[in-house]
Amino acid sequence: MDIKKLAQESIAAKEFAYTPYSHFRVGAALLTKDGGIYRGCNIENAAYTPTNCAERTAFFKAVSEGKKEFTAIAINGDANDYLYPCGVCRQVMAEFCDPETFQIILAVSKDKYDVFTLRELFPLGFGPADLA
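Computed from a predicted model, the values in this text were never measured in an experiment.

**Notes on the overall build of the chain**
If you tally the helices and strands in the chain, you get 4 helices and 5 strands. Along its sequence from the N terminus, the chain presents helices and strands in the succession α-β-β-α-β-α-β-β-α. Here the chain has a C-alpha radius of gyration of 14 Å; the compact-globule value for 132 residues is 14 Å, and the two agree. On the principal axes, the C-alpha backbone points of the chain span a range of 40 × 35 × 30 Å. Burial status across the chain gives 42% buried among its 132 residues. Within the structure as shown, the chain displays about 7000 Å² of accessible surface, and the carbon and sulfur contribution to it stands at 55%. Each charge sign in the chain was given a centre, from 14 positive and 17 negative side chains, and these centres are 4 Å apart.

**Some remarks on the sheet that holds strand β5 (residues 113-117)**
Taken together, the 5 strands give an open sheet; going across it, the order is β2-β1-β3-β4-β5, and neighbouring strands pair in mixed fashion. For this open sheet the edge positions go to β2 (37-41) and β5, each flanked by a neighbour on one side alone. Strand-to-strand twist across the sheet, computed as the mean angle between neighbouring axes with direction ignored, equals 20°. Inspection of the sheet shows strand β4 (residues 103-107) paired to β5 by 5 bridges, in the antiparallel sense. Each residue of the ladder has a partner; that of I104, found in β5, is F116.

**Things to note about helix α1 (residues 3-14)**
The terminal C-alpha atoms of α1, which comprises 12 residues, lie 17 Å apart, in line with the 16 Å expected from a rise of 1.5 Å per residue. Of all the residues in α1, the buried ones are I3, L6, A7, E9, S10, I11, A13 and K14. Among the structural elements, β1 (26-32), β2, β3 (70-77), β4 and β5 are those in contact with the buried residues of α1. Between a side-chain oxygen at the N-terminus of α1 and the backbone nitrogen of K4 the separation is 3.1 Å; the capping residue is D2.

Criteria and thresholds
- Residues numbered from 1 in each chain as written.
- Predicted model: local features only at pLDDT ≥ 70, side-chain atom pairs only at ≥ 80, totals over all residues.
- Heavy atoms only, no water.
- Helix = DSSP H or I, 4+ residues; strand = E, 2+ residues; numbered from the N terminus.
- Rg over C-alpha atoms; globule rule 2.2 N^0.38 Å.
- Buried < 20%, exposed > 50% of the residue type's maximum accessible area, 1.4 Å probe, protein only.
- Areas by Shrake-Rupley, 256 points an atom, 1.4 Å probe, with all protein chains shown as cover.
- Lys, Arg positive; Asp, Glu negative; His and termini not counted.
- Charge placed at Lys NZ, Arg CZ, Asp CG, Glu CD.
- Pairing = 2+ DSSP bridges.
- Axes fitted to C-alpha atoms, helices over the stretch in contact; angles between N-to-C directions.
- Expected span 1.5 Å × (residues − 1).
- Contact = heavy atoms within 4.5 Å.
- Polar contact = N/O pair within 3.5 Å; in protein donor to acceptor, adjacent residues only side chain to side chain.

Right under this line is the structure:
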């Protein structure tokens, strides 16, 4: 996996964000197990609750096209610091990803990033295995 390329894809995805209320753009690039990349951006709504995060947009696009195995996601936002995924996005990641191996790349730029596993950011998460 080329982390810098995935980080750059998340930065590019941010350009499509629809943020007329917060003016805070977020982009995500989700890497499938077979090497595909699905971009997502945050999409706001005047009612706020229907707003969708960039990470979930990327996951929903991929799943809607039949992809269900993922290895990493890169996230970039308008802040000049690392942007962590919200709890709802972490829960979506837990539905589809192995918490021990799935990587979450927090990208400030293509050259400045930090990498975590889902387990590190969602240590006591609830996933499909908990229903068995």
